[in-house]
Amino acid sequence: MKFMKLGSKSDSFQADGNSVRYLATELATDITVNVGDIKFYLHKFPLLSKSAQLQKLVTTANGENSDEVDISDIPGGRSAFEICAKFCYGMTVTINAYNVVAARCAAEYLGMHETIEKGNLIYKIEVFLSSSIFRSWKDSIIVLQTTRSLLPLSEELKVISHCIDAIAAKACVDVSKVDWSYSYNRKNLPEENGTVSNLNGLRNRSVPKDWWVEDLCELEIGLYKRVVITIRTKAIISDEVIGEALKAYAYRRLPGFSKGKIQSGQAAKYRSTVDTIAWLLPAERGSVSCSFLLKLLKAAIYADFGDTTKGQLIKKIGQQLEEASVNDLLILAGEGETMMYDVDSVKKMVEEFLMRDQIAEIESEEGHEVQEMRKPGILSDASKLMVAKLIDGYLAEIAKDPSLPLLKFIELAEMVSGISRPAHDALYRAVDMYLKEHPGISKSERKRICKLMDCKKLSVDACMHAMQNDRLPLRVVVQVLFFEQVRVAASSGSSTPDLPKSIRDLNNGSQRSSRSTTTNTEEDWDAVATAEELKALKEEVASLRLANGRNGVDKAASNKLKGMLKSKKIFTKLWSSRGEKGEKSGSDSSESTGSANMEEAKSTPSRNRRHSVS
């Protein structure tokens, strides 16, 4: 730290209790200076020779036959005046980064200019500031911090603006020229193990581009904002570095921010800081992480921000939503909301994400040239798939909320339904979780939510779970069983025989004709098969897998064909049992095989209901 020593005489200021200061000298004092509740017993000559303000005050006091003057409003208070008084007496006094602003403001208040005496205190402090303080990185930051308590005089004297300019100038210096000390405590640096030696107080390594961001975290938000703005105007600093600076500041200044938890009683502090950080965010997409933006949004919701700030954050999040995680999206709803999570904000993020595929064009007024209004780029299939999987996982979490309306769940799921993904397991888990937590939904609602998933895209494990899931409608279970059997058959390389129309209608999701049944669609969806019927069909799937594994492709194909013929009768019975009792199944050639299978199924113990393994 830089410092300046003034004067050569020994310090003879002494205290008498907490409210009296005097000089240990044989010369009687002739003036009393009141600074708040402290009295300074001093001498007129050394003070008046350097202070225009004290000259005026003493003249006024003499006219009132008094030897006391009051300067309780002096900037910096007692300690600042004591520095000025010692300078007047020629005593040794040390000026450093912590007291220089207070001394400068007090000297201004006392009128210690060159017009009163050459080499006065104001001149010496200005030289010290320009030649030492403003040349030092850390001292400039310390001085800037001390200016807050000395407003507005520190602003009027341009101490603040000079500090900001000095700090910004150093932050914009080419990293190859940085040869001063700075704080940098980032993780994952090679030297963090302590094996790398220091050189002149600096680590023996290349200077990172964001070397300055941690030191600026010491500033309060108002000054920090001004410094960052000045840095951006002085030189071209990458948006990534600015983003890193904002992230470091938020983590340092907002308690609990890094964990996404807001401490109670901090709303006012959060409001000012979050609003400023959001305002300073670079416009360039990806300059800050999506996780950081979501933490900002959570803080904004907690601090009860207006829709403008929250809308800006949601828009930025949507532009890089593929980077988010499910935990990031679990934003608690505001006070007064019945739902547990803020689903509407997530919907807006997805809308913004999908809008990135739309590039609008505007016509230039001057040259009539067609220009792009924004250039987000076309979404890649990988990005779309990541967001689809993200929302599937998010749906599984919010489905646990008993207060979540079905419409909210379906609307969000349908927003990404156009994005193709190879498997629907995550979506199945979300649907199953919703059915589990909302057992009282109607038949039509069960039908609607189950239509969100494609049974053909369920993995083997998901299919096995669905086959035993008593929360799913019969139609879904039969579809799962059928597609699983078709998949096993296809793996053997053999063709699949034609199916009866009733089963084709089942798997196409269409309604049966009036001559096939007289029951309504809702009952078909909620129909419950007997344990014998479901068990027989499951055994067909298991036997096909076993044949495919033990006997090779040819025998597996043969068994598969037999199994499919048998299963056709089972499918037909499952589907037509709700219809007219006189209806026949559509495969006469498999009658005996199917009958044998059903007799075998009837001989096994049965359970009244399907069960869940979830």
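Parameters and conventions
Residues numbered from 1 in each chain as written. Predicted model: local features only at pLDDT ≥ 70, side-chain atom pairs only at ≥ 80, totals over all residues. Heavy atoms only, no water. UniProt positions renumbered as here; feature names shortened; annotations may be inferred. Phe/Tyr/Trp six-rings, centres within 6.5 Å; stacked < 30°, edge-to-face > 60°. Helix = DSSP H or I, 4+ residues; strand = E, 2+ residues; numbered from the N terminus. Buried < 20%, exposed > 50% of the residue type's maximum accessible area, 1.4 Å probe, protein only. Disulfide = S-S within 2.5 Å. Pairing = 2+ DSSP bridges. Axes fitted to C-alpha atoms, helices over the stretch in contact; angles between N-to-C directions. Contact = heavy atoms within 4.5 Å.

- Per an unreviewed UniProt entry, the chain is named BTB/POZ domain-containing protein NPY2-like, and its organism is Populus euphratica.
- Per UniProt, the chain has the following entry under Pathway (unreviewed entry): "Protein modification; protein ubiquitination."
- Check the Sequence similarities (unreviewed entry) section of the UniProt entry for the chain; it says "Belongs to the NPH3 family."

Some thoughts on the packing of aromatic side chains
Consideration 1: Enumeration over the complete set of coordinates arrives at 11 aromatic pairs.
Consideration 2: Relative to Trp 211, the ring of Trp 180 lies with its centre 5.7 Å away and its plane at 70°, an arrangement referred to as edge-to-face. Here the residue Trp 180 occupies a position in the loop between helix H8 (159-171) and strand S8 (198-199), and Trp 211 occupies one in the loop between strand S9 (202-203) and helix H9 (213-216), the gap between them amounting to 31 residues.
Consideration 3: A relative accessible area of 16% places Trp 180 in the buried class.
Consideration 4: Classification of Trp 211 by relative accessible area gives buried; the value is 0%.
Consideration 5: A ring pair is formed by Tyr 224 and Tyr 249, whose centres lie 4.0 Å apart and whose planes are at 20°; its orientation type is stacked.

Thoughts on the state of the cysteines
Consideration 1: This structure, assessed with the given rule, holds zero disulfides.
Consideration 2: Unpaired in this structure, Cys 450 has its nearest cysteine sulfur neighbour in Cys 455, at a distance of 8.1 Å.
Consideration 3: Of the cysteine sulfurs around Cys 455, a residue in no disulfide, the closest is that of Cys 463, at 7.7 Å.
Consideration 4: We classify Cys 455 as buried; its relative accessible area is 7%.

As for the sheet that holds strand S6 (residues 68-70)
Adjacent strands of a sheet form backbone hydrogen bonds with each other and so pair up, either parallel or antiparallel.
Consideration 1: Read from one edge of the open sheet, five strands run S2-S3-S5-S4-S6, paired in mixed fashion. Looking at which strands have only one partner, the edges of the open sheet turn out to be strand S2 (13-15) and S6. Going from strand to strand, the sheet's axes swing by 25° on average, the running direction of each strand aside.
Consideration 2: Relative to strand S3 (residues 20-23), S2 runs antiparallel, the two being bridged by three bridges. Note on S3: the bridge partner recorded for Phe 13 is Leu 23.
Consideration 3: Each of strand S4 (31-35) and S6 touches helix H2 (residues 52-63); the most contacted strand, S6, lies at about 130° to it.
Consideration 4: The strands that helix H3 (residues 77-89) touches are S2, S3, S4 and strand S5 (38-42); relative to S5, the one it contacts most, it runs at about 5°.

Things to note about the pairing of S5
Consideration 1: Burial of the side chains of S5 is restricted to one face: Ile 38, Phe 40 and Leu 42 are buried, whereas none of Lys 39 and Tyr 41 on the reverse face is.
Consideration 2: Of the strand pairs in this sheet, S4 and S5 are connected by five bridges, and their pairing is antiparallel. Bridging from a neighbouring strand, Val 33 pairs with Phe 40 of S5.
Consideration 3: Hairpin remark: S4 followed by S5, antiparallel, with two residues in the connecting loop; positive phi at Gly 36, about 65°.

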